[in-house]
There are 8 protein chains.
Amino acid sequence: MGADVLIILGSKSDIDVAKKAAERLKALGIEYKVEVASAHRTPQRVEKLVKESGAKVFIAIAGLSAALPGAIAAHTVRPVIGVPVSGKVNLDAILSIVQMPPGVPVAAVGVDMGENAAILAAQILAVDDKALSKRLSEFRDEMARKVEAASREVGGI
Amino acid sequence: MGADVLIILGSKSDIDVAKKAAERLKALGIEYKVEVASAHRTPQRVEKLVKESGAKVFIAIAGLSAALPGAIAAHTVRPVIGVPVSGKVNLDAILSIVQMPPGVPVAAVGVDMGENAAILAAQILAVDDKALSKRLSEFRDEMARKVEAASREVGGI
Amino acid sequence: MGADVLIILGSKSDIDVAKKAAERLKALGIEYKVEVASAHRTPQRVEKLVKESGAKVFIAIAGLSAALPGAIAAHTVRPVIGVPVSGKVNLDAILSIVQMPPGVPVAAVGVDMGENAAILAAQILAVDDKALSKRLSEFRDEMARKVEAASREVGGI
Amino acid sequence: MGADVLIILGSKSDIDVAKKAAERLKALGIEYKVEVASAHRTPQRVEKLVKESGAKVFIAIAGLSAALPGAIAAHTVRPVIGVPVSGKVNLDAILSIVQMPPGVPVAAVGVDMGENAAILAAQILAVDDKALSKRLSEFRDEMARKVEAASREVGGI
Amino acid sequence: MGADVLIILGSKSDIDVAKKAAERLKALGIEYKVEVASAHRTPQRVEKLVKESGAKVFIAIAGLSAALPGAIAAHTVRPVIGVPVSGKVNLDAILSIVQMPPGVPVAAVGVDMGENAAILAAQILAVDDKALSKRLSEFRDEMARKVEAASREVGGI
Amino acid sequence: MGADVLIILGSKSDIDVAKKAAERLKALGIEYKVEVASAHRTPQRVEKLVKESGAKVFIAIAGLSAALPGAIAAHTVRPVIGVPVSGKVNLDAILSIVQMPPGVPVAAVGVDMGENAAILAAQILAVDDKALSKRLSEFRDEMARKVEAASREVGGI
Amino acid sequence: MGADVLIILGSKSDIDVAKKAAERLKALGIEYKVEVASAHRTPQRVEKLVKESGAKVFIAIAGLSAALPGAIAAHTVRPVIGVPVSGKVNLDAILSIVQMPPGVPVAAVGVDMGENAAILAAQILAVDDKALSKRLSEFRDEMARKVEAASREVGGI
Amino acid sequence: MGADVLIILGSKSDIDVAKKAAERLKALGIEYKVEVASAHRTPQRVEKLVKESGAKVFIAIAGLSAALPGAIAAHTVRPVIGVPVSGKVNLDAILSIVQMPPGVPVAAVGVDMGENAAILAAQILAVDDKALSKRLSEFRDEMARKVEAASREVGGI
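The structure displayed is predicted, hence computed values, not measured ones.

**Considerations on the overall build of chain A**
Item 1. A tally of helices and strands in chain A yields six helices and five strands.
Item 2. N-terminal to C-terminal, the α/β element order of chain A is β-α-β-α-β-α-β-α-β-α-α.
Item 3. Computed over C-alpha atoms, the radius of gyration of chain A comes to 16 Å, within 12% of the 15 Å expected from 2.2 N^0.38 for 157 residues, which places it in the range of a compact globule.
Item 4. A burial count over chain A gives 70% of its 157 residues as buried.
Item 5. Partitioning the contacts of chain A with sequence separation of at least 6, the portion at a separation of at least 24 is 68%.

Following this line, the structure appears as structure tokens:
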């Protein structure tokens with residue numbers, strides 16, 4: 001497993017959020033791997049995936065009582081990014097991921113924000129990787145240009 | 001470990017809620033054991049306690065992103081009762097415990113309701129234990145008498 | 001009434017949640033019965049159904065101010081599992097079911113989680129039934145296998 | 001039981017909210033009676049109190065999963081006023097009382113607003129009682145005068 | 001204006017909720033009138049409608065910052081029933097209606113529960129009207145029969 | 001009434017929030033007047049105060065179902081600033097003030113933020129008053145200096 | 001840039017809310033300009049637009065963690081009106097905009113209420129502009145007439 | 001500025017949360033610096049601190065409409081950790097920090113969890129620092145031992 005980022009989905013149904021993460025990682029030139037593992041249905045699988053992975057950063061995508069990011073964090077001191085998946089309540093997944101107890105943090109991003117999880121993972125990997133840092137800056141510049149282009153479009157209303 | 005109920009606290013600070021559970025179990029004549037184990041700080045300890053325990057019912061007490069009840073449920077098919085502990089947000093622990101994903105339920109009781117967790121554990125054990133069932137009925141009768149006594153007290157306002 | 005589990009719906013409109021419970025009970029080989037009874041529109045019917053039932057576990061499915069699980073619990077010391085049904089607010093049914101007062105617990109499961117109610121009922125019945133306990137373990141194993149299969153599917157994104 | 005209003009508390013601990021109701025009823029010259037009865041601990045007592053009561057209006061005061069107002073409403077077609085009692089969550093009692101299912105309404109007032117429950121009861125009784133209606137109007141005038149007096153006090157800041 | 005109940009909508013868009021109220025009032029043989037008036041856009045119209053109305057009970061239907069029920073209550077000591085209308089937030093209308101300040105209560109019913117507002121209005125009018133009280137009891141019996149019929153339908157799942 | 005700003009409190013108990021507004025207005029050299037008037041207890045007083053006032057901006061301070069800002073806005077096309085006052089729920093006052101219906105806006109500021117209401121009022125008055133605008137800029141500069149001073153203080157932790 | 005109002009959208013996707021603001025400003029005869037600028041993606045652009053703008057009032061439209069209104073307010077002492085845009089959570093944008101810290105207020109209006117932002121901007125500009133004030137009063141009168149017309153339509157239900 | 005972590009407080013009043021972060025960083029042997037800077041009161045100061053800082057990770061601590069973490073993230077592609085500070089609402093700071101828009105993530109940790117922010121910062125720095133990674137593992141082990149010690153203490157209840 002040579003991937004720098006391991007994306008774990010709590011359920012196959014979280015695939016759309018995972019795809020947004022995968023696409024952004026790919027665009028930033030970061031190697032990743034995707035697995036499904038459930039904190040509640042397959043706790044040993046979560047533990048095994050985490051411990052055997054050589055990943056430097058984990059992205060965990062889960063809804064409802066989203067225990068997956070915390071379950072991963074319990075088995076590694078690598079940074080774990082948690083993405084709450086939207087559902088019937090939404091506050092459940094947000095609060096389950098962000099309100100971690102003292103000592104074992106998870107880095108929570110917004111509801112369904114798979115892309116932001118990827119960018120945060122890239123920012124973490126870029127701490128000691130100037131080339132990646134440069135690609136992130138270029139991505140920022142590109143976003144800025146899109147905002148300016150959008151501004152020209154809406155100007156006429 | 002001959003105890004029928006194993007109470008696990010996510011943190012020593014949850015002790016007051018645990019005491020309410022312990023007292024009610026004692027009063028109902030049920031053997032129990034109390035341990036501290038954290039889903040996030042000591043995941044293996046949770047797994048070990050659950051798998052080595054001969055307990056028929058588990059009570060898990062935790063606040064914040066209260067992953068403990070679900071983490072216990074992930075390692076057993078015994079009934080797991082989850083007690084959310086109050087804090088700065090409250091909805092975090094309630095929703096983390098009640099909103100379990102399909103396939104691995106937790107039986108959630110109310111915020112800080114250690115006593116209700118004990119009664120629910122007793123009700124579960126009483127399914128095939130007529131003597132315990134009778135003690136539960138007597139406890140109900142006693143509560144009803146207290147309500148009537150309270151009614152006489154407040155009648156004068 | 002020889003059924004071990006009595007499923008009570010607060011309203012016919014909760015049928016889809018009830019079906020998920022019924023299917024899982026059937027798959028686990030547990031006898032059940034389904035009734036509609038409303039805590040508010042037919043309180044005597046609720047009382048009668050509960051008192052005359054020989055069921056060992058009750059599953060109550062209700063939305064809005066979901067009083068049904070508590071109303072059932074008020075008439076029995078058997079375990080009562082409450083399933084909040086989703087609607088315009090959702091927190092109403094969740095909190096109505098989980099926040100029971102001291103002395104009369106309800107075992108709350110997640111919003112619309114009829115299947116989890118069935119599994120929890122099975123877990124309770126399995127406390128003294130090794131064959132059922134084994135079926136529950138097999139169901140867990142089957143879920144784990146599905147997670148692994150799903151993992152292979154999503155690996156390519 | 002000649003009282004026009006029956007105040008029922010779900011628990012003795014709700015006494016302060018009940019006192020505010022009782023004082024306002026007294027001031028408005030309305031006969032009332034106060035009882036404690038719990039929808040969950042003493043369902044028969046609730047039913048008996050409601051059915052044997054000759055009260056024209058019921059005030060039900062309860063916190064948490066506040067089933068009491070609905071339980072009373074289930075046994076009478078008299079108007080039932082529900083007062084949510086504050087606690088660790090607050091939205092639990094508010095939503096449990098206000099979100100009644102179709103067919104069996106409860107008249108919800110604000111958190112801990114025992115006095116408003118009394119005034120609403122008086123307004124209901126005053127529909128066919130001109131003298132009481134006049135006392136309610138005088139109470140309104142008195143409140144208005146207090147607002148004006150308060151205005152003079154704060155004018156100097 | 002000989003109608004016993006005046007239904008006021010905050011906006012024409014609340015018509016569906018109003019219809020449910022109107023139909024139930026009609027079925028119960030209660031005279032009603034329907035008006036649109038906005039607490040914010042037409043405060044004088046609200047005042048005029050309320051003061052000139054001979055209605056014994058008011059039903060106010062409004063969403064968002066639902067000030068209408070309170071604005072009506074400010075101009076009368078007649079009972080005012082408030083119906084929160086669902087929208088993008090829902091808690092806004094519920095809390096705006098239920099959390100009235102001391103001295104001026106509104107009787108809040110559930111989100112979009114126009115029918116319950118009508119039944120509550122009928123219950124208030126029935127305090128001194130035995131014939132109406134009997135019709136309400138018959139409506140209850142009819143609901144109970146429907147629950148039993150529904151029970152027979154779902155029994156087969 | 002020569003004051004540019006009229007501060008209206010829904011209740012004398014909101015005085016602390018009003019004082020923060022008054023102090024800031026005074027410091028910015030703006031004439032103001034303070035009154036108590038309740039949208040629910042004294043609707044005519046609200047109307048009279050608003051219509052007879054020559055104020056250019058209104059500040060309305062209220063808690064619970066905070067109808068006061070909207071009630072003022074209903075009687076004037078002057079800008080109305082609403083300040084939600086904290087209580088047992090908080091979301092009630094915030095949502096009641098911010099979620100105004102189409103056509104009649106209120107400018108909501110944060111919970112208990114009397115000072116921000118004053119600054120916003122000053123910003124509105126400064127649209128055509130360069131001297132006041134300059135005082136606001138100076139106040140900003142002063143805040144910035146305080147932040148820098150605070151930074152020096154905390155630097156040592 | 002001679003426009004009195006500058007509307008800034010956090011994202012092109014907020015266009016529908018912006019259009020409602022633009023249409024109302026146009027109808028009230030107020031000059032405006034529309035730009036897209038993101039507090040997070042283009043902070044310098046926000047600063048530049050605000051500082052170079054001669055606008056008297058700013059309208060900022062943003063969803064999620066809606067920092068844009070506050071970011072604009074940080075660069076000007078002109079009044080800034082914030083419009084929360086609806087999404088998966090809604091409370092995020094509402095609270096991000098309304099709960100500004102001491103010293104830098106934003107005038108929050110309701111979710112998606114672009115039109116109300118425009119009216120509030122007009123009310124601010126009308127403080128010293130009698131002609132505009134008159135147009136606002138006429139718009140109020142027109143709304144009132146529409147309410148009366150709507151009342152005639154619904155009267156028949 | 002040779003510090004690897006720059007802690008920025010939105011206000012001096014957030015000092016207690018900052019201290020918990022500082023203590024943990026110190027214990028882990030990480031160089032840090034503490035500053036106060038407000039996204040709303042001193043936006044240029046935030047920009048200057050971020051751009052001139054050589055820090056590899058930023059920790060931003062803020063309450064209310066907690067724009068600070070996002071404002072920092074807008075000026076750097078370094079990882080930014082946001083800590084919501086508790087107040088009268090709590091959901092405001094949590095949602096403001098976690099619900100960042102696409103493209104500019106913030107790593108949110110729990111309410112008042114300064115220590116977790118420090119640990120997450122350390123985990124990020126440890127991605128390419130084996131010695132730090134080892135210290136983090138030792139800290140985990142120490143926490144685990146404390147849990148076991150706590151378990152022995154509570155065992156007697």
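Still to come is the rest of the account.
**Some remarks on the layout of surface pockets**
Item 1. Taken as a whole, the largest pocket holds about 1,100 Å³ of empty space.
Item 2. Taken together, 41 residues form the lining of the largest pocket, with Leu91 of chain A, Leu91 of chain B, Leu91 of chain F, Leu91 of chain G together with Leu91 of chain H sitting closest to its centre.
Item 3. Where the lining of the largest pocket is concerned, the elements lending two or more residues are helix 4 (91-98) of chain A, helix 4 (91-98) of chain F together with helix 4 (91-98) of chain H.
Item 4. Looking at the lining of the largest pocket, its residues break down into 19 nonpolar, 14 polar and eight charged.

**A closer look at the relation of the copies chain D and chain F**
Item 1. In the superposition of chain D on chain F (RMSD 0.0 Å, axial shift 0.0 Å), the rotation amounts to 90°. Given the turn and translation reported, the copies of this chain are related as if by a four-fold rotation axis. Rotation axis and chain D: the residue whose C-alpha lies nearest the axis is Val89 of chain D, separated from it by 6.3 Å.

**Quick look at the interface of chain A and chain H**
Item 1. On the side of chain H, 42 residues touch chain A, which itself brings 42 residues to the contact.
Item 2. Between chain A and chain H lies a buried interface of about 3,400 Å² when both sides are counted; carbon and sulfur atoms form 60% of it.
Item 3. Counting the surface chain A buries against chain H, the share from its top three residues, Val77, Pro105 and Arg140 of chain A, is 19%.
Item 4. Where chain A packs against chain H, one counts two salt bridges.
Item 5. Among the ionic pairs, Asp128 of chain H bridges to Lys56 of chain A, the shortest N-O distance being 3.8 Å.
Item 6. The tally of links from chain A across to chain H stands at 17 residue pairs in polar contact (both at pLDDT 80 or more).

**Remarks on the relation of the copies chain A and chain H**
Item 1. Superposing chain A onto chain H requires a rotation of 180° together with a translation of 0.0 Å along the rotation axis, leaving an RMSD of 0.0 Å. In the structure described here, the two chain copies are related by an operation that fits a two-fold rotation axis.

**What to know about the arrangement of the chains**
Item 1. No interface is formed between chain C and chain F, the nearest pair of C-alpha atoms being 15 Å apart.
Item 2. Considering only C-alpha positions, the minimal separation of the non-contacting chain B and chain G is 15 Å.

**Examining the pairing of strand 2 (residues 32-36) of chain F**
Residues and elements named next belong to chain F.
Item 1. Within strand 2, four of the five residues are buried, which leaves the element mostly enclosed by the surrounding structure.
Item 2. Where strand 1 (residues 5-9) lies against strand 2, five bridges are found, and the strand directions are parallel. By the bridge assignment for strand 2, Leu9 is matched with Val36.
Item 3. Handedness of the β-α-β unit built from strand 1, helix 1 (residues 15-27) and strand 2 comes out right-handed.

**What to know about the packing of helix 1 (residues 15-27) of chain B against helix 5 (residues 114-125) of chain B**
Residue and element names in this part refer to chain B.
Item 1. It is at 7 Å that the axes of helix 1 and helix 5 come closest, and there the two elements cross at 35°. The handedness of the crossing between helix 1 and helix 5 comes out as right-handed. Across the interface between the two elements, Val17, Lys20, Ala21, Arg24 and Leu25 from helix 1 touch Gly114, Glu115, Ala118 and Ile119 from helix 5.
Item 2. Residues of the contact of helix 1 with helix 5, tallied by class, amount to five nonpolar, one polar and three charged.

**A word on the environment of Arg24 of chain E**
All names here are of chain E.
Item 1. Position of Arg24 among the secondary structure elements: in helix 1 (residues 15-27).
Item 2. By relative accessible area, Arg24 is classed as buried at 19%.
Item 3. With near-sequence residues (within four places) excluded, Arg24 lies in contact with Glu115, Ala118, Ile119 and Phe139.

**What about the pattern of salt bridges?**
Item 1. Applying the stated criterion across every chain yields a total of 80 salt bridges over all chains.
Item 2. Salt-bridge contacts for Glu115 of chain F lead to Arg24 of chain F; the nearest nitrogen and oxygen are separated by 2.9 Å. One end of the pair, Glu115 of chain F, is in helix 5 (residues 114-125); the other, Arg24 of chain F, is in helix 1, with 91 residues separating them in the sequence.
Item 3. With a closest N to O distance of 2.9 Å, Lys51 of chain H and Glu47 of chain H form a salt bridge.

**Re the environment of Leu28 of chain E**
Residue and element names in this part refer to chain E.
Item 1. By the secondary structure assignment, Leu28 is in the loop between helix 1 and strand 2 (32-36).
Item 2. The exposure class of Leu28 is buried, given its relative accessible area of 3%.
Item 3. Taking C-alpha positions, Leu28 is 10 Å from Ala131, a pair spaced 103 residues apart along the chain.

**With respect to the interface of chain D and chain F**
Item 1. Taken together, the contact pairs 16 residues of chain D with 17 residues of chain F.
Item 2. Between chain D and chain F the total buried area reaches about 1,400 Å² when both faces are included, carbon and sulfur atoms providing 72% of it.
Item 3. The largest per-residue losses of area from chain D upon contact with chain F belong to Val147, Val154 and Ile157 of chain D, which jointly make up 42% of the total buried on that side.
Item 4. Connecting chain D to chain F are two salt bridges.
Item 5. Taking the shortest distance from any N to any O, the salt bridge between Glu153 of chain D and Lys12 of chain F comes out at 3.2 Å.

**Some details on helix 6 (residues 130-154) of chain F**
Residue and element names in this part refer to chain F.
Item 1. Taking 1.5 Å of rise per residue, the 25 residues of helix 6 would be expected to cover 36 Å, and the 36 Å separating its terminal C-alpha atoms lies within 8% of that figure.
Item 2. If you check which residues of helix 6 are buried, you get Leu132, Ser133, Leu136, Phe139, Arg140, Met143, Ala144, Val147, Ala150, Ser151 and Val154.
Item 3. The opening residue of helix 6 is Asp129, an N-cap whose side-chain oxygen sits 3.2 Å from the backbone nitrogen of Ala131.

**Overview of the confidence of the model for chain A**
Item 1. The share of residues in chain A with pLDDT of 70 or more is 99%, and the mean pLDDT across the chain is 97.
Item 2. With a pTM of 0.98, the predicted complex shows an ipTM of 0.97.

**A closer look at helix 2 (residues 43-52) of chain D**
Item 1. Of the positions making up helix 2 of chain D, those classed as buried are Pro43, Arg45, Val46, Glu47, Leu49 and Val50 of chain D.
Item 2. Buried positions along helix 2 of chain D lie against helix 6 (130-154) of chain B, helix 2 (43-52) of chain C together with strand 1 (5-9), strand 2 (32-36), strand 3 (57-63) and helix 3 (68-73) of chain D.

**Thoughts on the pairing of strand 4 (residues 80-85) of chain C**
Regular strands place their side chains on alternate faces of the sheet.
Residues and elements named next belong to chain C.
Item 1. Along strand 4, six of the six residues are buried, which leaves the element largely enclosed by surrounding structure.
Item 2. A two-sided burial pattern is seen for strand 4, the buried positions comprising Val80, Gly82 and Pro84 on one face and Ile81, Val83 and Val85 on the other.
Item 3. Both strand 3 (residues 57-63) and strand 4 contribute to a ladder of six bridges, which runs parallel. Bridge pairing in strand 4 links Phe58 to Val80.
Item 4. For the crossover that starts at strand 3, traverses helix 3 (residues 68-73) and ends in the parallel strand 4, the hand is right-handed.
Item 5. Note: strand 4 against strand 5 (residues 107-108), two bridges, orientation parallel. Its bridge partner being in strand 5, Gly82 is matched across the sheet by Ala108.

Conventions we followed
Residues numbered from 1 in each chain as written. Chains lettered and ligands numbered in written order. Predicted model: local features only at pLDDT ≥ 70, side-chain atom pairs only at ≥ 80, totals over all residues. Heavy atoms only, no water. Helix = DSSP H or I, 4+ residues; strand = E, 2+ residues; numbered from the N terminus. Rg over C-alpha atoms; globule rule 2.2 N^0.38 Å. Buried < 20%, exposed > 50% of the residue type's maximum accessible area, 1.4 Å probe, protein only. Contact = heavy atoms within 4.5 Å. 1 Å grid on protein atoms, 1.4 Å probe; cavity = no way out; pocket = protein on both sides within 12 Å on 5 of 7 lines; lining within 4 Å. Points joined across faces, edges and corners; volume = space filled by probe spheres on them. Nonpolar A, V, L, I, M, F, W, Y, C, P; charged D, E, K, R; others polar. Least-squares fit on C-alpha atoms with pLDDT ≥ 70 in both. Buried area = accessible area lost by both parts, 1.4 Å probe. Salt bridge = Lys/Arg side-chain N within 4 Å of Asp/Glu carboxyl O. Polar contact = N/O pair within 3.5 Å; in protein donor to acceptor, adjacent residues only side chain to side chain. Pairing = 2+ DSSP bridges. Right-handed = clockwise from strand over helix to strand, strands pointing away. Axes fitted to C-alpha atoms, helices over the stretch in contact; angles between N-to-C directions. Left-handed = near helix turned anticlockwise from the far one by under 90°. Expected span 1.5 Å × (residues − 1). pLDDT = per-residue confidence, 0-100.

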